[in-house]
Amino acid sequence: MTVSLSINSISAHYGKTAVLQDLSLSVAAGELVSLLGSSGCGKTTTLRLVAGFLQPTSGTIKLGDRDLTTLPAHARDIGLVFQNYALFPHLTVLENVAFGLKQRSMPTRERLAKAGAMLERVGLSGLGDRLPGALSGGQKQRVALARALVIEPPLLMFDEPLSNLDAKLRVDMRVEIRQLQRANGTTSLYVTHDQEEAFSISDRVAIMNAGRIMQLDTPETLYRKPANSFVARFVGFENLLPLRVVERESAVVIAEAAGGARITLSQKDFGPIPDSCILGCRADGLSVRREGNGLPAVLGTRTYLGRAYQYQCDTAAGAIVANGPLSEPMTAGSSAVLVPVPEQCCILEPEG
Ligand SMILES: Nc1ncnc2c1ncn2[C@@H]1O[C@H](COP(=O)(O)OP(=O)(O)OP(=O)(O)O)[C@@H](O)[C@H]1O
Ligand SMILES: [Mg+2]
(Lines give C-alpha, C1' and ligand atoms only; values in the text may rest on other atoms or scores of the structure.)
(Ligands and ions follow the chains in the order given, each with its own letter.)
Protein backbone atom coordinates (compact mmCIF):
# COMPACT_ATOMS: atom_id res chain seq x y z
CA MET A 1 0.00 0.00 0.00
CA THR A 2 1.49 3.34 -0.95
CA VAL A 3 0.09 6.54 0.51
CA SER A 4 0.94 10.21 0.43
CA LEU A 5 2.18 12.29 3.35
CA SER A 6 0.80 15.77 3.82
CA ILE A 7 2.07 18.24 6.34
CA ASN A 8 -0.25 21.23 6.52
CA SER A 9 0.80 24.56 8.03
CA ILE A 10 2.61 23.12 11.02
CA SER A 11 4.38 25.31 13.52
CA ALA A 12 6.63 24.03 16.27
CA HIS A 13 8.27 25.53 19.32
CA TYR A 14 10.90 24.42 21.79
CA GLY A 15 9.81 26.30 24.91
CA LYS A 16 9.12 29.82 23.68
CA THR A 17 11.38 29.61 20.63
CA ALA A 18 9.61 29.13 17.31
CA VAL A 19 11.50 26.56 15.21
CA LEU A 20 9.09 25.89 12.35
CA GLN A 21 6.66 28.45 11.06
CA ASP A 22 3.64 27.48 9.04
CA LEU A 23 5.44 24.75 7.14
CA SER A 24 3.55 22.78 4.49
CA LEU A 25 4.91 19.89 2.48
CA SER A 26 3.48 16.94 0.64
CA VAL A 27 5.18 13.76 -0.44
CA ALA A 28 3.28 11.85 -3.12
CA ALA A 29 2.70 8.11 -2.80
CA GLY A 30 5.96 6.32 -3.60
CA GLU A 31 7.94 9.55 -3.83
CA LEU A 32 11.21 10.35 -2.04
CA VAL A 33 11.46 13.95 -0.89
CA SER A 34 14.55 15.31 0.86
CA LEU A 35 14.80 18.16 3.32
CA LEU A 36 18.05 19.98 2.63
CA GLY A 37 19.44 22.86 4.64
CA SER A 38 22.16 24.03 6.96
CA SER A 39 22.52 22.96 10.57
CA GLY A 40 19.70 24.17 12.80
CA CYS A 41 17.20 24.98 10.02
CA GLY A 42 14.61 22.53 11.39
CA LYS A 43 15.05 19.30 9.40
CA THR A 44 15.15 16.92 12.36
CA THR A 45 12.35 18.85 14.04
CA THR A 46 10.16 18.25 10.99
CA LEU A 47 10.85 14.49 11.17
CA ARG A 48 10.18 14.45 14.92
CA LEU A 49 6.79 16.05 14.34
CA VAL A 50 5.88 13.45 11.71
CA ALA A 51 7.19 10.61 13.89
CA GLY A 52 5.19 11.84 16.88
CA PHE A 53 8.15 12.63 19.15
CA LEU A 54 7.09 16.28 19.25
CA GLN A 55 3.66 17.93 19.07
CA PRO A 56 3.08 20.83 16.67
CA THR A 57 1.56 24.00 18.15
CA SER A 58 -0.68 24.22 15.10
CA GLY A 59 -1.30 22.42 11.82
CA THR A 60 -2.01 18.82 10.83
CA ILE A 61 -0.08 15.81 9.54
CA LYS A 62 -1.84 13.19 7.41
CA LEU A 63 -0.68 9.89 5.98
CA GLY A 64 -3.14 8.95 3.27
CA ASP A 65 -6.55 9.49 4.87
CA ARG A 66 -5.22 8.97 8.37
CA ASP A 67 -4.76 12.03 10.55
CA LEU A 68 -1.55 11.40 12.52
CA THR A 69 -1.45 14.70 14.35
CA THR A 70 -2.64 13.41 17.73
CA LEU A 71 -1.65 9.73 17.41
CA PRO A 72 1.10 8.50 19.76
CA ALA A 73 4.42 7.70 18.05
CA HIS A 74 4.07 3.90 18.34
CA ALA A 75 0.73 3.95 16.53
CA ARG A 76 2.04 5.81 13.51
CA ASP A 77 3.67 2.85 11.77
CA ILE A 78 6.67 4.75 10.38
CA GLY A 79 10.07 3.22 9.56
CA LEU A 80 12.93 5.33 10.89
CA VAL A 81 16.63 5.26 9.99
CA PHE A 82 18.97 7.51 11.96
CA GLN A 83 22.56 8.66 11.67
CA ASN A 84 23.60 6.73 14.79
CA TYR A 85 21.87 3.44 13.75
CA ALA A 86 20.09 3.04 17.14
CA LEU A 87 20.45 -0.77 17.11
CA PHE A 88 19.80 -2.86 20.22
CA PRO A 89 23.33 -3.87 21.32
CA HIS A 90 22.27 -7.03 23.18
CA LEU A 91 20.21 -8.45 20.30
CA THR A 92 21.77 -10.24 17.32
CA VAL A 93 21.59 -8.71 13.88
CA LEU A 94 18.73 -11.05 12.95
CA GLU A 95 16.84 -10.27 16.16
CA ASN A 96 17.33 -6.55 15.59
CA VAL A 97 15.76 -6.83 12.15
CA ALA A 98 12.95 -9.07 13.43
CA PHE A 99 12.19 -6.77 16.37
CA GLY A 100 9.40 -4.75 14.73
CA LEU A 101 7.73 -7.95 13.53
CA LYS A 102 7.78 -9.35 17.07
CA GLN A 103 6.07 -6.18 18.28
CA ARG A 104 3.44 -6.83 15.63
CA SER A 105 2.98 -10.36 17.06
CA MET A 106 4.20 -12.24 14.01
CA PRO A 107 4.92 -15.93 14.84
CA THR A 108 8.61 -16.70 15.47
CA ARG A 109 9.32 -18.85 12.41
CA GLU A 110 7.67 -16.47 10.01
CA ARG A 111 9.36 -13.44 11.50
CA LEU A 112 12.85 -14.95 11.44
CA ALA A 113 12.34 -16.06 7.83
CA LYS A 114 11.22 -12.57 6.86
CA ALA A 115 14.07 -10.88 8.72
CA GLY A 116 16.54 -13.30 7.11
CA ALA A 117 15.22 -12.50 3.63
CA MET A 118 15.54 -8.78 4.34
CA LEU A 119 19.13 -9.22 5.55
CA GLU A 120 19.89 -10.91 2.26
CA ARG A 121 18.38 -7.97 0.35
CA VAL A 122 20.65 -5.51 2.12
CA GLY A 123 23.67 -7.74 1.49
CA LEU A 124 24.18 -9.08 5.01
CA SER A 125 23.24 -12.74 4.75
CA GLY A 126 25.62 -14.72 6.94
CA LEU A 127 25.92 -11.97 9.58
CA GLY A 128 22.56 -12.64 11.30
CA ASP A 129 24.11 -14.21 14.43
CA ARG A 130 26.54 -11.38 15.16
CA LEU A 131 25.98 -8.66 17.72
CA PRO A 132 25.91 -5.07 16.36
CA GLY A 133 29.17 -4.33 18.21
CA ALA A 134 30.96 -6.69 15.79
CA LEU A 135 29.87 -4.82 12.64
CA SER A 136 31.40 -1.98 10.65
CA GLY A 137 29.56 1.34 10.34
CA GLY A 138 28.27 0.51 6.87
CA GLN A 139 27.04 -2.90 8.01
CA LYS A 140 25.29 -1.34 11.01
CA GLN A 141 23.53 1.12 8.73
CA ARG A 142 22.39 -1.76 6.52
CA VAL A 143 20.92 -3.49 9.59
CA ALA A 144 19.11 -0.27 10.53
CA LEU A 145 17.78 -0.04 6.98
CA ALA A 146 16.65 -3.69 6.98
CA ARG A 147 14.95 -3.17 10.34
CA ALA A 148 13.03 -0.17 9.02
CA LEU A 149 12.06 -1.85 5.74
CA VAL A 150 11.03 -5.24 7.10
CA ILE A 151 7.85 -3.92 8.72
CA GLU A 152 6.80 -2.64 5.27
CA PRO A 153 5.86 0.77 6.67
CA PRO A 154 3.73 3.13 4.59
CA LEU A 155 6.30 5.86 5.32
CA LEU A 156 10.07 5.73 5.74
CA MET A 157 12.01 8.59 7.27
CA PHE A 158 15.79 8.98 7.20
CA ASP A 159 17.77 11.48 9.27
CA GLU A 160 21.31 11.90 7.90
CA PRO A 161 21.61 8.10 7.59
CA LEU A 162 24.96 8.21 5.80
CA SER A 163 26.89 10.89 7.63
CA ASN A 164 28.89 8.43 9.77
CA LEU A 165 30.16 6.55 6.72
CA ASP A 166 33.21 7.26 4.59
CA ALA A 167 32.80 8.96 1.21
CA LYS A 168 32.84 5.84 -0.99
CA LEU A 169 30.41 3.93 1.20
CA ARG A 170 28.12 6.96 1.34
CA VAL A 171 27.73 6.88 -2.41
CA ASP A 172 27.20 3.08 -2.53
CA MET A 173 24.65 3.18 0.27
CA ARG A 174 22.64 6.01 -1.19
CA VAL A 175 22.28 4.06 -4.43
CA GLU A 176 21.14 1.02 -2.44
CA ILE A 177 18.67 3.01 -0.36
CA ARG A 178 17.20 4.49 -3.50
CA GLN A 179 16.89 1.07 -5.19
CA LEU A 180 15.16 -0.48 -2.19
CA GLN A 181 12.88 2.52 -1.77
CA ARG A 182 11.90 2.40 -5.45
CA ALA A 183 11.44 -1.36 -5.50
CA ASN A 184 9.10 -1.19 -2.51
CA GLY A 185 7.48 2.07 -3.65
CA THR A 186 7.70 3.39 -0.08
CA THR A 187 6.83 7.04 0.41
CA SER A 188 9.94 8.56 2.00
CA LEU A 189 11.13 11.71 3.71
CA TYR A 190 14.93 12.00 3.79
CA VAL A 191 17.03 14.53 5.70
CA THR A 192 20.53 15.59 4.73
CA HIS A 193 22.66 18.71 4.61
CA ASP A 194 24.65 17.35 1.65
CA GLN A 195 23.42 18.83 -1.62
CA GLU A 196 24.88 16.14 -3.85
CA GLU A 197 23.30 13.42 -1.73
CA ALA A 198 19.89 15.15 -1.75
CA PHE A 199 19.96 15.78 -5.49
CA SER A 200 21.06 12.27 -6.38
CA ILE A 201 18.63 10.35 -4.17
CA SER A 202 15.42 12.40 -4.43
CA ASP A 203 12.44 12.87 -6.69
CA ARG A 204 12.07 16.34 -5.19
CA VAL A 205 14.07 18.38 -2.69
CA ALA A 206 12.82 20.97 -0.19
CA ILE A 207 15.47 23.59 0.49
CA MET A 208 14.97 24.90 4.03
CA ASN A 209 16.15 28.00 5.82
CA ALA A 210 15.33 29.07 9.38
CA GLY A 211 12.27 26.85 9.74
CA ARG A 212 10.78 27.56 6.31
CA ILE A 213 10.80 25.84 2.95
CA MET A 214 12.38 28.20 0.43
CA GLN A 215 11.63 26.00 -2.61
CA LEU A 216 10.38 22.46 -3.20
CA ASP A 217 11.15 21.17 -6.66
CA THR A 218 12.95 18.54 -8.69
CA PRO A 219 16.76 18.67 -8.50
CA GLU A 220 16.87 19.80 -12.15
CA THR A 221 14.55 22.75 -11.52
CA LEU A 222 16.34 23.78 -8.34
CA TYR A 223 19.68 23.69 -10.11
CA ARG A 224 18.57 25.53 -13.26
CA LYS A 225 15.68 27.69 -12.08
CA PRO A 226 16.02 28.65 -8.42
CA ALA A 227 12.94 30.60 -7.31
CA ASN A 228 14.74 33.16 -5.13
CA SER A 229 18.15 34.51 -4.20
CA PHE A 230 18.52 32.21 -1.20
CA VAL A 231 18.10 29.07 -3.30
CA ALA A 232 20.21 30.59 -6.09
CA ARG A 233 23.13 31.06 -3.68
CA PHE A 234 22.54 27.62 -2.22
CA VAL A 235 22.85 25.92 -5.62
CA GLY A 236 25.99 27.86 -6.50
CA PHE A 237 24.95 30.98 -8.38
CA GLU A 238 27.99 33.20 -7.89
CA ASN A 239 26.46 36.25 -9.52
CA LEU A 240 23.39 38.03 -8.19
CA LEU A 241 23.16 41.36 -9.96
CA PRO A 242 20.43 43.80 -8.83
CA LEU A 243 18.79 45.58 -11.77
CA ARG A 244 16.27 48.39 -12.20
CA VAL A 245 14.22 48.57 -15.40
CA VAL A 246 14.55 52.02 -16.99
CA GLU A 247 12.84 51.45 -20.32
CA ARG A 248 10.38 48.98 -21.81
CA GLU A 249 9.44 48.46 -25.40
CA SER A 250 7.12 45.51 -25.96
CA ALA A 251 9.11 42.46 -24.89
CA VAL A 252 12.45 44.26 -24.70
CA VAL A 253 13.62 45.78 -21.46
CA ILE A 254 16.56 48.04 -20.73
CA ALA A 255 17.79 47.58 -17.19
CA GLU A 256 20.39 49.46 -15.20
CA ALA A 257 22.82 47.89 -12.77
CA ALA A 258 24.43 49.66 -9.83
CA GLY A 259 27.01 52.12 -11.18
CA GLY A 260 24.82 52.95 -14.19
CA ALA A 261 25.72 50.29 -16.77
CA ARG A 262 22.75 49.27 -18.91
CA ILE A 263 21.91 45.93 -20.45
CA THR A 264 19.11 44.88 -22.78
CA LEU A 265 17.06 41.83 -21.86
CA SER A 266 14.16 40.23 -23.69
CA GLN A 267 11.12 38.95 -21.85
CA LYS A 268 10.99 36.28 -24.56
CA ASP A 269 14.13 34.83 -22.98
CA PHE A 270 13.38 35.42 -19.32
CA GLY A 271 9.62 35.68 -18.88
CA PRO A 272 8.18 38.75 -17.12
CA ILE A 273 10.90 41.09 -15.82
CA PRO A 274 9.71 43.20 -12.85
CA ASP A 275 10.88 46.81 -12.49
CA SER A 276 13.17 45.84 -9.69
CA CYS A 277 14.83 42.42 -9.99
CA ILE A 278 18.02 40.39 -9.77
CA LEU A 279 19.84 38.75 -12.65
CA GLY A 280 21.22 35.53 -11.19
CA CYS A 281 23.65 33.08 -12.77
CA ARG A 282 26.77 30.98 -12.40
CA ALA A 283 29.95 31.98 -14.20
CA ASP A 284 28.70 30.37 -17.42
CA GLY A 285 25.66 32.69 -17.44
CA LEU A 286 27.80 35.67 -18.42
CA SER A 287 29.98 35.40 -21.48
CA VAL A 288 33.19 37.44 -21.61
CA ARG A 289 33.45 39.21 -24.99
CA ARG A 290 35.52 42.03 -26.41
CA GLU A 291 32.35 43.91 -27.37
CA GLY A 292 28.56 43.54 -27.41
CA ASN A 293 25.40 44.23 -25.39
CA GLY A 294 26.65 43.61 -21.90
CA LEU A 295 28.08 44.91 -18.71
CA PRO A 296 31.44 46.72 -19.06
CA ALA A 297 34.14 45.01 -17.01
CA VAL A 298 37.84 44.99 -16.36
CA LEU A 299 39.23 41.47 -16.32
CA GLY A 300 41.23 40.13 -13.41
CA THR A 301 42.61 36.64 -12.75
CA ARG A 302 42.04 34.08 -15.50
CA THR A 303 41.63 30.38 -14.69
CA TYR A 304 41.71 27.52 -17.20
CA LEU A 305 38.66 25.26 -16.68
CA GLY A 306 39.18 22.83 -19.56
CA ARG A 307 35.93 23.77 -21.33
CA ALA A 308 36.36 27.56 -20.90
CA TYR A 309 38.42 30.27 -19.24
CA GLN A 310 37.01 31.77 -16.08
CA TYR A 311 37.67 35.41 -15.20
CA GLN A 312 37.34 37.36 -11.98
CA CYS A 313 35.83 40.60 -13.28
CA ASP A 314 35.59 44.05 -11.82
CA THR A 315 32.46 46.01 -12.78
CA ALA A 316 30.78 49.21 -11.58
CA ALA A 317 28.19 46.90 -9.98
CA GLY A 318 30.84 44.93 -8.09
CA ALA A 319 32.85 41.74 -8.51
CA ILE A 320 31.53 39.18 -11.00
CA VAL A 321 32.80 35.83 -12.17
CA ALA A 322 32.27 34.98 -15.85
CA ASN A 323 33.45 32.52 -18.48
CA GLY A 324 35.03 33.23 -21.85
CA PRO A 325 35.79 31.05 -24.89
CA LEU A 326 39.01 29.05 -25.15
CA SER A 327 39.51 30.42 -28.65
CA GLU A 328 40.05 33.93 -27.31
CA PRO A 329 42.10 34.09 -24.12
CA MET A 330 42.18 37.62 -22.72
CA THR A 331 44.73 39.10 -20.39
CA ALA A 332 44.26 40.56 -16.94
CA GLY A 333 43.64 44.29 -17.09
CA SER A 334 41.81 44.24 -20.46
CA SER A 335 38.42 45.81 -20.91
CA ALA A 336 35.57 43.49 -21.88
CA VAL A 337 31.80 43.20 -21.78
CA LEU A 338 29.86 40.51 -19.95
CA VAL A 339 26.95 39.34 -22.10
CA PRO A 340 24.10 37.41 -20.43
CA VAL A 341 23.52 33.89 -21.77
CA PRO A 342 19.73 33.70 -21.26
CA GLU A 343 19.41 29.93 -20.89
CA GLN A 344 21.94 30.01 -18.02
CA CYS A 345 20.39 33.00 -16.22
CA CYS A 346 17.31 33.62 -14.05
CA ILE A 347 15.40 36.75 -13.20
CA LEU A 348 14.73 36.73 -9.46
CA GLU A 349 12.64 38.91 -7.16
CA PRO A 350 14.68 41.44 -5.15
CA GLU A 351 15.71 40.28 -1.68
CA GLY A 352 13.99 41.14 1.61
N1 LIG B 1 15.25 19.83 22.35
C2 LIG B 1 15.46 21.08 21.94
N3 LIG B 1 15.28 22.13 22.77
C4 LIG B 1 15.46 23.40 22.35
N5 LIG B 1 15.85 23.74 21.11
C6 LIG B 1 16.07 22.74 20.23
C7 LIG B 1 15.88 21.37 20.60
N8 LIG B 1 16.17 20.60 19.51
C9 LIG B 1 16.50 21.47 18.53
N10 LIG B 1 16.43 22.74 18.96
C11 LIG B 1 16.70 23.95 18.13
O12 LIG B 1 15.78 23.96 17.07
C13 LIG B 1 16.40 24.37 15.85
C14 LIG B 1 16.20 23.31 14.78
O15 LIG B 1 16.85 22.13 15.18
P16 LIG B 1 16.90 20.82 14.28
O17 LIG B 1 17.47 19.74 15.12
O18 LIG B 1 15.54 20.59 13.70
O19 LIG B 1 17.90 21.26 13.14
P20 LIG B 1 18.51 20.43 11.92
O21 LIG B 1 18.09 21.14 10.68
O22 LIG B 1 18.13 19.00 12.05
O23 LIG B 1 20.08 20.63 12.11
P24 LIG B 1 21.32 19.61 11.92
O25 LIG B 1 21.66 19.62 10.46
O26 LIG B 1 22.41 20.22 12.74
O27 LIG B 1 20.90 18.25 12.43
C28 LIG B 1 17.85 24.64 16.20
O29 LIG B 1 18.01 26.01 16.39
C30 LIG B 1 18.06 23.89 17.49
O31 LIG B 1 19.03 24.51 18.29
MG1 LIG C 1 19.21 17.25 12.42
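In this numbering scheme, every chain counts its residues from 1 along its sequence in written order. Here every chain gets a letter starting at A, and every ligand a number starting at 1, in the order they are written. Local features in this predicted model are restricted to residues of pLDDT 70 or higher, and side-chain atom pairs are both shown and tallied only at a pLDDT of 80 or more, whereas totals for entire chains, interfaces and linings draw on every residue. With hydrogens and water excluded, all non-hydrogen atoms of the structure serve as input to the side-chain values.

Going by an unreviewed UniProt entry, the chain carries the name Spermidine/putrescine transport system ATP-binding protein and comes from Rhizobium miluonense. Taken directly from UniProt, the Sequence similarities (unreviewed entry) text for the chain runs: "Belongs to the ABC transporter superfamily." UniProt positions are given in the numbering used here, feature names are shortened, and annotations may be inferred rather than shown by experiment.

Undergrad: So what's going on with the overall build of the chain? Which residues, and what values?
TA: Helix and strand labels come from DSSP, where a helix needs a run of H or I of at least four residues and a strand needs a run of E of at least two; each type is numbered from the N terminus. Summing up its helical and strand segments, the chain has 9 helices and 20 strands in all. When its C-alpha atoms are laid out on the principal axes, the chain stretches across 80 × 45 × 35 Å. Only the protein chains shown count as cover for residues, and the accessible areas themselves come from Shrake-Rupley with a 1.4 Å probe. In the form shown here, the chain has an accessible surface area of approximately 16,400 Å², with 50% of it arising from carbon and sulfur atoms. Charge assignment in this entry is limited to Lys and Arg as positive and Asp and Glu as negative, and neither His nor the chain termini are counted. Charged groups are reduced to one reference atom each: NZ for lysine, CZ for arginine, CG for aspartic acid, CD for glutamic acid. Distance between charge centres in the chain, computed from 35 positive and 34 negative side chains, equals 5 Å.

Undergrad: Summarise helix H5 (residues 167-184); cite the residues concerned and give the values.
TA: Side chains three or four residues apart in an α-helix point the same way, a direct result of the helix having 3.6 residues per turn. Expected span of a helix: the number of residues minus one, times 1.5 Å. Its 18 residues give H5 an end-to-end C-alpha distance of 26 Å, which sits within 8% of 26 Å, the value for a rise of 1.5 Å per residue. Here, residues are in contact when the closest pair of their heavy atoms is within 4.5 Å. The inward-facing, buried residues of H5 contact strand E3 (32-36), helix H3 (108-121), helix H4 (137-150), strand E7 (155-159), strand E8 (187-192) and helix H6 (195-201). Note on H5: the residue one or two positions beyond its end, glycine 185, has a positive phi of about 60°.

Undergrad: Summarise the sheet that holds E7; cite the residues concerned and give the values.
TA: Criterion used throughout: strands pair if DSSP finds at least two bridges between them. The strand order E6-E7-E8-E3-E9-E10 describes an open sheet built from 6 strands, whose pairing is mixed. Both outer strands of the open sheet, strand E6 (78-82) and strand E10 (212-217), are each paired with one neighbouring strand and no more. Pairwise comparison of adjacent strand axes, ignoring direction, gives a mean angle of 15° for this sheet. Angles shown run from 0 to 180 degrees and are taken between the N-to-C directions of axes, each axis being a line fitted to C-alpha atoms and, for helices, limited to the stretch in contact.

Undergrad: Which residues make up empty space enclosed by the protein, and what values go with them?
TA: A pocket here means an open set of points on a 1 Å grid, computed over the protein atoms alone, that has protein on both sides within 12 Å along at least five of seven lines. A cavity is instead a set of points where a 1.4 Å probe fits but cannot get out; residues with an atom within 4 Å of a point line either one. Grid points are joined across faces, edges and corners, and a volume is the space filled by probe spheres set on the points. If you walk through the whole model with that rule in mind, you get 1 cavity of 30 Å³ or more. Of the pockets and cavities examined, the largest cavity occupies roughly 40 Å³. Every residue along the wall of the largest cavity is listed here: Tyr223, Arg224, Phe237, Arg282, Asp284, Glu343 and Gln344. Basically, the charged four are Asp, Glu, Lys and Arg, the nonpolar ten are Ala, Val, Leu, Ile, Met, Phe, Trp, Tyr, Cys and Pro, and anything else, Gly included, counts as polar. Across the lining of the largest cavity, the residue classes break down as 2 nonpolar, 1 polar and 4 charged.

Undergrad: Kindly report on the layout of surface pockets, identifying the contributing residues and their values.
TA: Empty space within the largest pocket amounts to approximately 530 Å³. If you go around the largest pocket, you meet 20 residues; those closest to its centre are Ile78, Gly79, Leu80, Gln103 and Ile151. In this model, the second largest pocket occupies a volume close to 200 Å³. As for the second largest pocket, its lining consists of 13 residues, and the residues nearest its centre are Arg121, Leu149, Glu152, Asn184 and Thr186. The leading source of residues in the lining of the second largest pocket is H3, at 4 residues. Considering only residue class, the lining of the second largest pocket consists of 6 nonpolar, 4 polar and 3 charged.

Undergrad: Pulling in residues and values, what's your account of the packing of helix H2 (residues 93-103) against H3?
TA: The geometry of a pair of packed helices is captured by two quantities: the angle between their axes and the separation between those axes. Look at H2 against H3: their axes get within 9 Å of each other, and the N-to-C directions meet at 125°. If you check the angle between H2 and H3, you find them oblique. In this structure, H2 meets H3 at a crossing whose hand is right-handed. Of the residues in H3, those in contact with Val93, Leu94, Val97, Ala98, Leu101 and Lys102 of H2 are Arg111, Leu112, Lys114, Ala115, Gly116, Met118 and Leu119. For the contact of H2 with H3, a count of residues per class yields 9 nonpolar, 1 polar and 3 charged. Oblique is the label for every angle not falling under 35 degrees (roughly parallel), over 145 degrees (roughly antiparallel), or within 65 to 115 degrees (roughly perpendicular). When the near helix sits turned anticlockwise from the far one by under a right angle, the crossing is termed left-handed; a clockwise turn instead gives a right-handed crossing.

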